[in-house]
Amino acid sequence: MTSAPNTVSEQPRHLTADVLVIGWGKGGKTFAGAMAGQGKTVVMVEQDALLYGGTCINIACVPTKALVHEAARRREGDDPREFFTEAVQFRDTLIGKLNDVNLHMLLDQDAVTVVDGRARFVGPREVEVTPSAGGQGVAEHLRISAETVVINTGAVPVMPPLEGIDHPRVYDSTTIQHADPFPRRLAIIGGGPIGLEFASMFRDFGAEVTVIARGEILAGDEPEVRDSVVKVLTEEGIILRTDASAESIADAESGEGVVVRIADQDPVQADAVLVATGRKPATEDLGLDAAGVETDEQGAVVVDEQVRTTSEGVFALGDVHGGQQQTYLSLDDHRVVLSAVTGDGARRVSDRVAVPATTFITPPLSTVGITEAQAREAGHSVKTAVAQVEKIKAMPRPKTLRDARGVIKIVVDADTDLLLGARLFHVDSQEVINLLALAMRAGVTATQLRDGIWTHPSSTEALNEVLGQLG
Ligand SMILES: Cc1cc2nc3c(=O)[nH]c(=O)nc-3n(C[C@H](O)[C@H](O)[C@H](O)COP(=O)(O)OP(=O)(O)OC[C@H]3O[C@@H](n4cnc5c(N)ncnc54)[C@H](O)[C@@H]3O)c2cc1C
Ligand SMILES: NC(=O)c1ccc[n+]([C@@H]2O[C@H](COP(=O)([O-])OP(=O)(O)OC[C@H]3O[C@@H](n4cnc5c(N)ncnc54)[C@H](O)[C@@H]3O)[C@@H](O)[C@H]2O)c1
């Protein structure tokens, strides 16, 4: 790496490197580490030291799951407020350690320069950085240019333009993790994965929870699974207001908490409101025009099959290029870029088959592939296996964990015996779904899965019995 001396304080110091990564996301940090390992000079620019390691480990996947599991440990009689405070302390200690580990994975490499600041393109493959305080990297006004540039700036919450959206009792998915005071009554606007995960979590912490969802919960998914999820959440005491569009948030007339007004429905009284109405690509104020990087109507960076942007040598990884938002997709994007930059370029985004997903309600809901309706629509001849978890005799594991709620539905192509999709709503489903996804990728048949030798007692062995239904 070369750097010129800083002669005029207002003028940015110039750095050049082989690789510049903007944003410490999953794909970008992994790509940065791999390139440094190959002897390339790398600059990583991150705007917020609290986000070394990215969104997932600091404010999303990992801390929320820590809180989900902490909440599930609460017993009747435990004070919700105290329990929440202790759970947040556990969360903060864990996340502090992960943040530090992630920082040192890059900071400790001679080939890597960590820069604390906000990057903005000023030309093709060139950015200017406004420094930010509080970090352990280089924090100064810099101009950085590189042969290869990776945009990995993630996504940010969409805050809909509702009256009262700036009310101090309104939280997003980050701030709610430190809600203070603990909300005895929580209203959640949005019934997507974030809304449902926090609904399940805060209910387990002892809050009264109301979800305000525009359409149905899990609209378009398997009806058996939707019914089962709605039943479980409702029996937990979560109030699901569907076909409900939140319109405004204001102080409650009683003087206690807030009121969320809903079009054509009764308002919801709450102590706090979580807004979980989606996340949009973080492309605002990135100066993408200066770099010739195009975005679509949603503000997502336009990429091709190799996650190349419209600007030569500039790639975009993860949430910032739109589509499904999952940390493992950002990770897979890094494999695509590595292949493009240092390999034979053969790896493509379209190589992905059977990408699984889990929504961490309790028990977790995991999905892969298409639904029965989608399979029929696509012209497949379809066989399905459906079973309520409590009725599956060869699956004692959920019963040993005192949680035999949920349902399994597997969709199979009757002609080929190959899996087309699966919905698993039960304890351990976040693990079992990976096996089914691999089976779909590897062409393992439903019969082979049915006759598989699985550990006992495990949730996987449900496959022996459930797939036996197919005959
Ligand atoms: C509450 C919640 C729970 C979730 N749970 C899960 C889950 O369980 N499993 C799962 O797979 N996914 C989950 N997700 C989604 C997952 O977090 C994201 O898909 C993933 O983190 C995206 O990673 P990324 O690589 O796109 O970038 P990110 O990890 O978002 O990193 C982007 C980084 O860029 C930085 N940045 C932005 N702009 C600039 C700039 N101009 N200059 C410098 N730095 C900049 C940001 O500060 C940030 O650190 C969850 C999301 C949320 C919000
Ligand atoms: N476990 C996981 O993998 C995981 C967990 C959390 C988030 N994520 C990802 O993060 C992203 C964001 O999740 P999300 O749940 O915020 O977004 P989402 O887009 O999935 O759901 C938001 C919901 O809010 C509704 N909505 C919008 N405005 C509303 C209003 N005024 N009143 C009522 N409802 C309204 C929308 O109709 C939509 O159903 C998703 O892509 C998700 O996949 C993944």
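The model shown is predicted, which means the values in this text are computed figures rather than measured ones.

(A) Region of the structure containing the site of ligand 1. Residues in contact with ligand 1 amount to 36 residues; listed here are only the nearest, Gly23, Gly25, Gly54, Gly154 and Gly318. Among the secondary structure elements, those contributing two or more residues to the shell around ligand 1 are helix H1 (26–37), strand E3 (42–46), helix H2 (55–59), helix H3 (61–72), strand E4 (112–123) and helix H8 (327–342). A per-class count over the shell around ligand 1 returns 15 nonpolar, 16 polar and five charged.

(B) Here's a closer look at the domain arrangement of the protein. Domain boundaries assigned for the protein yield domain 1 (13–156 + 280–351), domain 2 (170–277) and domain 3 (357–470). Using C-alpha coordinates to define each centre, domain 1 is positioned 30 Å away from domain 2. Residue-level contacts link 14 residues of domain 1 with twelve residues of domain 2. Elements supplying a minimum of two residues to the side of domain 1 that touches domain 2: H3 and helix H4 (80–107). When the residues that make up the side of domain 1 that touches domain 2 are grouped by side-chain class, the tally is ten nonpolar, one polar and three charged.

(C) Representation of the environment of Ser248 within the structure. Note on placement: Ser248 falls in strand E12 (residues 246–251). Of the residues examined, Ser248 has 16 C-beta atoms within 10 Å and is grouped as partly exposed. Through-space distance from the C-alpha of Ser248 to that of Ile262 is 7.3 Å; in sequence the pair is 14 residues apart.

(D) Quick peek at H3. For H3, which comprises twelve residues, the first-to-last C-alpha distance of 17 Å matches the rise-based estimate of 16 Å (1.5 Å per residue) to within 8%. Turning to H3, its buried residues are Pro63, Thr64, Leu67, Val68, Glu70 and Ala71. The buried residues of H3 occupy one face: seen down the axis, they fall within an arc of 170 degrees.

(E) Quick look at the packing of H3 against H4. In the contact formed by H3 and H4, the axes pass within 9 Å of each other and the chain directions differ by 150 degrees. Accordingly, the angle class assigned to the pair H3 and H4 is roughly antiparallel. Here H3 and H4 pass one another in a crossing that is right-handed. Mapping the contact onto sequence places Val62, Pro63, Ala66, Leu67, Glu70 and Ala71 in H3 and Ala87, Phe90, Arg91, Leu94, Ile95 and Leu98 in H4.

(F) Examining the site of ligand 2 more closely. The immediate surroundings of ligand 2 are formed by 24 residues, with Gly190, Gly192, Thr277, Gly278 and Gln325 found nearest. Listing elements by their share of the shell around ligand 2, those giving two or more residues are helix H5 (193–205) and strand E18 (357–359). At four residues, the largest contribution of residues to the shell around ligand 2 is made by H5. Residue classes in the shell around ligand 2 are distributed as ten nonpolar, eleven polar and three charged. Looking at the shell around ligand 2, you find at least three residues from each of domain 2 (170–277) and domain 3 (357–470).

(G) Representation of the UniProt feature "active site" (unreviewed entry) in the protein within the structure. The UniProt entry lists His456 under the feature "active site" (unreviewed entry), expressed in the numbering used here. Here His456 shows up in the loop between helix H12 (446–450) and helix H13 (462–466).

(H) Fine view of the pairing of E12. Note: E12 against strand E13 (residues 258–262), five bridges, orientation antiparallel. In the sheet register, Ala250 faces E13, and the bridge partner there is Val259. The antiparallel pairing of E12 with E13 creates a hairpin that spans six residues between the two strands, and Gly255 there sits at a positive phi of about 90 degrees.

(I) Quick peek at the environment of Lys26. Within the fold, Lys26 resides in helix H1. The class for Lys26 is buried, based on 27 C-beta atoms found within 10 Å. The spatial distance from the C-alpha of Lys26 to the C-alpha of Gly53 is 7.2 Å, given a sequence separation of 27 residues. Setting aside its immediate chain neighbours within four residues, Lys26 contacts Gly54, Cys56, Gly318, Thr327, Ser330 and Leu331.

(J) Molecular detail of the packing of H1 against H8. Running from amino to carboxyl end, H1 crosses H8 at an angle of 35 degrees, the nearest separation of the two axes being 7 Å. Taken as a pair, H1 and H8 cross one another with a handedness that is right-handed. Residue-level inspection shows Lys26, Gly27, Thr30, Phe31 and Ala34 of H1 in contact with H8, the latter providing Thr327, Ser330, Leu331, Asp333, His334, Val337 and Leu338. The residue inventory of the contact of H1 with H8, partitioned by class, reads five nonpolar, five polar and two charged.

The rules behind these values
- Residues numbered from 1 in each chain as written.
- Chains lettered and ligands numbered in written order.
- Predicted model: local features only at pLDDT ≥ 70, side-chain atom pairs only at ≥ 80, totals over all residues.
- Near = placed C-beta within 6 Å.
- Helix = DSSP H or I, 4+ residues; strand = E, 2+ residues; numbered from the N terminus.
- Nonpolar A, V, L, I, M, F, W, Y, C, P; charged D, E, K, R; others polar.
- Domains from an automatic or database assignment.
- Contact = placed C-beta atoms within 7 Å.
- Buried ≥ 20, exposed ≤ 12 C-beta atoms within 10 Å, placed from the backbone.
- Expected span 1.5 Å × (residues − 1).
- Arc of directions from axis to C-beta.
- Axes fitted to C-alpha atoms, helices over the stretch in contact; angles between N-to-C directions.
- Parallel < 35°, antiparallel > 145°, perpendicular 65-115°, else oblique.
- Left-handed = near helix turned anticlockwise from the far one by under 90°.
- UniProt positions renumbered as here; feature names shortened; annotations may be inferred.
- Pairing = 2+ DSSP bridges.

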